Amino acid sequence: MTPTIGVLALQGDVREHLTALDAAGATAVAVRRPAELAAVDGIVLPGGESTTIDKLLRIFELFEPLRAALGAGLPAYGSCAGMILLADRITGGTSDQQTLGGLDITVRRNAFGRQVDSFETDLVVEGIADSHETPVHAVFIRAPWVEEVGPGVRVLARVESGQAAGRIVAVRERDVLATSFHPEISGDLRLHRLFVQIVTERG
Ligand code: GLN
């Protein structure tokens, strides 16, 4: 069965995720209302600006329904700002910034610093078997990294070289996936395929 996967469509690179999900075999739909959220088998939280998305979630009365859905086990994938929104704990957030939670990690916002605000690198990602031969080309834009992971969280990728070598940039806990980088803008569909597979297996 083709899963229906929502993309939270309040701010950020929504269209890129919709396109990638469709290409990866899902039926992709934009989610702006609680009723739309209730109709999806999984949800993508896009990159963008986490403080803005946090505020819009409350204005659109989606914050509590989405938090409840994640708490009840709705599969989710967050890229960049989406990773921040899924994190249980955040450092470097604004004073009133809240997260939805669901992922037992601490993220550091804008972690890579000014000199390397945006950069690209190749990664081996656990769960993407052929990334050993053909690495995932990862695009980072004012990205967070994962500072701490809880016992149930699997580290899927770390930066391999340079100043930030060893930093955790992809994780999975149960059916929740998060990356510091943006596969939706690189044209590499493998992370979206992995998420579609997670949602399909759960259904
Ligand atoms: N720096 C942004 C934030 O804090 C995330 C950037 C991104 O999603 N590309 O939300």
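In this text, all values refer to a predicted model and were calculated from it rather than measured experimentally. (Residues numbered from 1 in each chain as written. Predicted model: local features only at pLDDT ≥ 70, side-chain atom pairs only at ≥ 80, totals over all residues. Heavy atoms only, no water.)

Participant: Where do I start with the environment of Leu 45 in this structure?
Facilitator: With respect to the helices and strands, the residue Leu 45 is situated in strand S3 (residues 42-45). For Leu 45, a relative accessible area of 0% puts it in the buried group. It is 13 Å that separates the C-alpha atoms of Leu 45 and Ala 20, two residues lying 25 residues apart in sequence. The contacts of Leu 45, once residues within four sequence positions are left out, are Leu 8, Leu 66, Tyr 77, Gly 78, Ser 79, Gly 82, Leu 85, Leu 86 and Leu 100. (Helix = DSSP H or I, 4+ residues; strand = E, 2+ residues; numbered from the N terminus. Buried < 20%, exposed > 50% of the residue type's maximum accessible area, 1.4 Å probe, protein only. Contact = heavy atoms within 4.5 Å.)

Participant: It is not clear to me how the site of the ligand should be interpreted in this structure. Could you clarify?
Facilitator: Around the ligand, the structure places Gly 47, Gly 48, Glu 49, Ser 50, Cys 80, Ala 81, Ile 84, Arg 109, Asn 110, Ile 141, Arg 142 and His 182. Here Gly 48 contributes a backbone N or O atom positioned 2.9 Å from an oxygen atom of the ligand. Within the side chain of His 182, an N or O atom sits 2.9 Å from a nitrogen atom of the ligand. About the coverage of the ligand: the protein hides 95% of its 300 Å² of free accessible area. Taken together, the residues of the shell around the ligand sort by class into four nonpolar, five polar and three charged. (Near = heavy atom within 4 Å. Polar contact = N/O pair within 3.5 Å; in protein donor to acceptor, adjacent residues only side chain to side chain. Areas by Shrake-Rupley, 256 points an atom, 1.4 Å probe, with all protein chains shown as cover. Nonpolar A, V, L, I, M, F, W, Y, C, P; charged D, E, K, R; others polar.)

Participant: Just to check I follow, could you spell out the pairing of strand S11 (residues 168-173) for this structure?
Facilitator: In regular strands, side chains alternate between the two faces of the sheet. Burial of S11 is extensive: six of the six residues sit out of reach of the surface. When strand S10 (residues 154-158) meets S11, the two strands line up antiparallel, connected through four bridges. Bridge pairing links Val 155 to Val 171 in S11. Pairing geometry for S11 and strand S12 (residues 176-179), over four bridges, is antiparallel. Along S12, the bridge assignment pairs Val 171 with Ala 178. Counted along the chain from S11 to the antiparallel partner S12, the turn is two residues long, and its residue Arg 174 has a positive phi close to 50°. (Pairing = 2+ DSSP bridges.)

Participant: Just to check I follow, could you spell out empty space enclosed by the protein for this structure?
Facilitator: It is a probe the size of a water molecule, rolled over the atoms, that shows where empty space is left. Evaluated as defined, the whole model comprises one cavity of 30 Å³ or more. Quantified by volume, the largest cavity comes out at close to 40 Å³. Forming the boundary of the largest cavity are Thr 51, Asp 54, Lys 55, Arg 58, Thr 94, Asp 96 and Gln 97. A per-class count over the lining of the largest cavity returns no nonpolar, three polar and four charged. (1 Å grid on protein atoms, 1.4 Å probe; cavity = no way out; pocket = protein on both sides within 12 Å on 5 of 7 lines; lining within 4 Å. Points joined across faces, edges and corners; volume = space filled by probe spheres on them.)

Participant: How should I be thinking about the pattern of salt bridges in this particular structure?
Facilitator: Where charged atoms from two side chains of opposite charge come close, those side chains can pair. Applying the stated criterion to the full structure yields 12 salt bridges. Between Arg 89 and Asp 104 there is a salt bridge, and its shortest N-O distance comes to 2.9 Å. Linking Arg 89 in strand S5 (residues 87-91) with Asp 104 in strand S6 (residues 103-108), this pair joins segments that are 15 residues apart in sequence. With relative accessibility at 33%, the residue Arg 89 sits in the partly exposed group. Taking the shortest distance from any N to any O, the salt bridge between Arg 190 and Asp 130 comes out at 2.9 Å. Taken together, the residues span a long stretch of sequence, with Arg 190 in helix H6 (residues 190-202) and Asp 130 in the loop between strand S7 (118-123) and strand S8 (136-141) at a distance of 60 residues. What makes Asp 130 partly exposed here is its relative accessible area of 37%. One connected set of salt bridges, linked through shared partners, spans Asp 130, Asp 188 and Arg 190. (Salt bridge = Lys/Arg side-chain N within 4 Å of Asp/Glu carboxyl O.)

Participant: Where do I start with the nonpolar core in this structure?
Facilitator: Most often, soluble globular proteins have nonpolar side chains that are buried together. Counting 37 residues, the largest nonpolar core has Phe 112, Phe 140 and Phe 181 as its most contacted members. If you list the elements that add at least two residues to this core, you get strand S1 (4-8), helix H1 (14-23), S7, S8, S10, S11 and H6. Ranked by residues supplied to this core, first place goes to H6 with six residues. Val 40, Ala 69, Ile 105 and Val 146 belong to the second-largest nonpolar core, a separate cluster that totals 33 residues. (Core = buried A, V, L, I, M, F, W, Y, C linked by side-chain atoms within 4.5 Å.)

Participant: What's the story with the packing of aromatic side chains in this structure? I'm lost.
Facilitator: Two aromatic rings are characterised by how far apart their centres lie and by the angle between their planes. Per the stated rule, a full pass over the model turns up six aromatic pairs. Each residue in the set Phe 112, Phe 119, Phe 140, Trp 145 and Phe 181 is aromatic and connected to the rest through ring pairs, giving one cluster. Just above the ring of Phe 63 sits the side chain of Arg 58; from NZ or CZ to the centre is 5.7 Å. (Phe/Tyr/Trp six-rings, centres within 6.5 Å; stacked < 30°, edge-to-face > 60°. Lys NZ or Arg CZ within 6 Å of the ring centre and 35° of its normal.)

Scope: geometric values only; no functional claims are made or implied.
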